[in-house]
Amino acid sequence: MPRFLPRRHGAALAALLGCLALALLLYHDLAGGTLLQHSPYDSYALQAENWLAGRIWIEDGEAYPWLELAVYQGRYYQSFPPVPAAALLPFVALGGGAQAVPSNLICGVYGLLAAAGVYGCFWRRGAPPAAAAFFALFCAGGSNLFWLSTSGGVWFLAQVLGFCLAVWGIFWALGHTLPQQALAGFCLAAAVGCRPFYVLLLGLWALRGLRLARGRRGALPKLAAAWAPVAGVAALLMGYNCARFGSVLEFGHNYLPEFQRAEHGQFGLAYLLPNLLNLLRPVTLAADGSLQFEHFNGFFFLAADPLFLLWLLAAVRALRSRAAAGGRDLPFPTGGRVLGAVFLAALVLTCLHKTLGGWQFGARYLVDLQVYPLLWFLGRTGPEDAPGPAAWGLCGAAVLFNLYGAVYMLGV
């Protein structure tokens, strides 16, 4: 049980979310007062509008040439997994159409909920308020997640909501009641319906759950509660894919004109090495003191998302001191070898894609992979553990760099 009073945690969480909300407000003020605007790149709201009209395709899709719409058998389709569109259904219904949806505000709220989810995971594990706030701030303010949270475009809504659902899935998985296990299954499965490579996180949870349940009395109801929502979400996603494209695994990207023209298709080994090298492109300082970095397909990921750097440094330190991993009762593995291997697998799968996310600040696809260092730290952060000055310094630098990046991209 957590040893810290809920009042202390509540105050720390409120302060954290208040500062992040203020940062988003200030950003949108600098952008010209865009917080409550509908993003023209929000094709999820457009899909929700068409659902409400009884269509699974986008009517008059040719009128939206700036959107990534799949073309299949003469019709236009939203080319991304559908969970973020489902989340926008109430807003479209209440507002009377896609244009009434405040996409930028909704994406910012997703970012705040993601921060709250990270905080809640460490709170539930008994970490002190300073440690819980540290990791929540690092993820939501000191990574590319902050820039993603500033825009309601289709790509950003998917990534921020996916990460939000993933960390809340971890939070609920840390509980022991049947409803909490059901919520964990739903959140983790829904995260896959935002960003498909979260299936690796879902797989880790499944395998760990089977191992922990082996030989335990009453394990079957817990597993059933956990996996019923997963099966339901999976059935809906696969049925929707099949209804649109005749394949349970096809959500539309293969029918984008960009990938139909590509020599190696959407995924291919030819993309692996160039994309890996893109993630190592440095941030340099010019003679006049200005920063130089790439704007397309990412740059040095340890600079863009320094939580990975903290993980690397902490793992080396733990290896040298031969510190044992904690959290053996956790519903996810926390060992460095397992998490490192899954991280590398996710990294390779990501780099097999034709692009690393196109125009961006940093290495936005790797935001999804932050769940793996979070699990590692969850297994090693106890009531007496608090980040030291060097860790706070790295977090502060990460926040400043990503605030700078969000504002910088306004002028690009």
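Residues numbered from 1 in each chain as written. Predicted model: local features only at pLDDT ≥ 70, side-chain atom pairs only at ≥ 80, totals over all residues. Heavy atoms only, no water.

A. Just the overall build of the protein, in detail. Counting its secondary structure elements, the protein contains 17 helices and four strands. Relative to the 2.2 N^0.38 estimate, which gives 22 Å for 412 residues, the radius of gyration of the protein is 21 Å and therefore close to what a compact globule would have. Per-residue burial for the protein yields a buried fraction of 53% across its 412 residues. When contacts within the protein are restricted to residue pairs at least 6 apart in sequence, long-range pairs at least 24 apart make up 76% of them. Summed over its atoms, the accessible surface of the protein is roughly 18,400 Å², and 66% of this surface lies on carbon and sulfur atoms. Side chains of the protein carry 25 positive and 17 negative charges; the gap between the two charge centres is 20 Å. (Helix = DSSP H or I, 4+ residues; strand = E, 2+ residues; numbered from the N terminus. Rg over C-alpha atoms; globule rule 2.2 N^0.38 Å. Buried < 20%, exposed > 50% of the residue type's maximum accessible area, 1.4 Å probe, protein only. Contact = heavy atoms within 4.5 Å. Areas by Shrake-Rupley, 256 points an atom, 1.4 Å probe, with all protein chains shown as cover. Lys, Arg positive; Asp, Glu negative; His and termini not counted. Charge placed at Lys NZ, Arg CZ, Asp CG, Glu CD.)

B. Geometry of the nonpolar core. Counting 116 residues, the largest nonpolar core has Phe163 and Tyr372 as its most contacted members. Setting aside residues up to four positions removed in sequence, Tyr372 forms contacts with Leu200, Leu201, Leu204, Trp311, Leu339, Val342, Phe343 and Ala346. (Core = buried A, V, L, I, M, F, W, Y, C linked by side-chain atoms within 4.5 Å.)

C. Molecular detail of the side chain of Ser143. By secondary structure assignment, the location of Ser143 is in the loop between helix H5 (129-140) and helix H6 (145-148). Residue classification places Ser143 among the buried positions, given a relative accessible area of 0%. A polar contact of 2.5 Å, which involves the side chain of Ser143, links it to the backbone oxygen of Cys139. If sequence neighbours within four positions are ignored, Ser143 has contacts with Phe138, Ala304, Asp305, Gln370 and Asn402. (Polar contact = N/O pair within 3.5 Å; in protein donor to acceptor, adjacent residues only side chain to side chain.)

D. Main features of the packing of helix H8 (residues 178-192) against helix H10 (residues 219-245). Interaxial distance between H8 and H10 falls to 8 Å at its minimum, and their mutual angle equals 30°. Considering their axes alone, H8 and H10 lie roughly parallel with respect to each other. Crossing hand, H8 versus H10: right-handed. Residues Leu178, Gln181, Ala182, Gly185, Phe186, Ala189 and Ala190 of H8 form the contact with H10, whose own contacting residues are Pro221, Lys222, Ala225, Ala226, Pro229, Val230, Val233 and Leu237. Its residues assigned to classes, the contact of H8 with H10 comprises 12 nonpolar, two polar and one charged. (Axes fitted to C-alpha atoms, helices over the stretch in contact; angles between N-to-C directions. Parallel < 35°, antiparallel > 145°, perpendicular 65-115°, else oblique. Left-handed = near helix turned anticlockwise from the far one by under 90°. Nonpolar A, V, L, I, M, F, W, Y, C, P; charged D, E, K, R; others polar.)

E. Focus on the packing of helix H2 (residues 43-52) against helix H3 (residues 83-95). Two elements in contact, H2 and H3, have axes whose closest approach is 8 Å; the angle formed by their N-to-C orientations is 70°. Comparing their axes, H3 and H2 come out roughly perpendicular. You can see that H2 and H3 cross each other, and the crossing is right-handed. Along its contact with H2, which presents Tyr44, Ala45, Gln47, Ala48, Glu49, Trp51 and Leu52, the element H3 presents Pro84, Ala85, Ala86, Leu88, Leu89, Val92 and Ala93.

F. Fine view of the pattern of salt bridges. Tallying each qualifying case throughout the model produces four salt bridges. Across the pair Arg55 and Glu59 runs a salt bridge, and its minimum N-O distance is 3.2 Å. For Arg281, the salt bridge is made with Glu294, and the minimal N-O distance between the two is 3.9 Å. Here Arg281 is found in the loop between helix H12 (272-278) and strand E3 (284-285), whereas its partner Glu294 is found in the loop between strand E4 (291-292) and helix H13 (301-304), with 13 residues between them in sequence. (Salt bridge = Lys/Arg side-chain N within 4 Å of Asp/Glu carboxyl O.)

G. Structural context of the packing of aromatic side chains. By the definition in use, this model includes 37 aromatic pairs. The rings of Phe122, Phe134, Phe135, Phe138, Trp376, Phe377 and Trp392 are connected pair by pair, giving a single aromatic cluster. When the ring centre of Phe171 is taken as origin, the NZ or CZ atom of Arg124, which lies over that ring, is 4.3 Å away. Positioned over the ring face of Tyr365 is Arg195, at 4.8 Å from the centre of the ring. (Phe/Tyr/Trp six-rings, centres within 6.5 Å; stacked < 30°, edge-to-face > 60°. Lys NZ or Arg CZ within 6 Å of the ring centre and 35° of its normal.)

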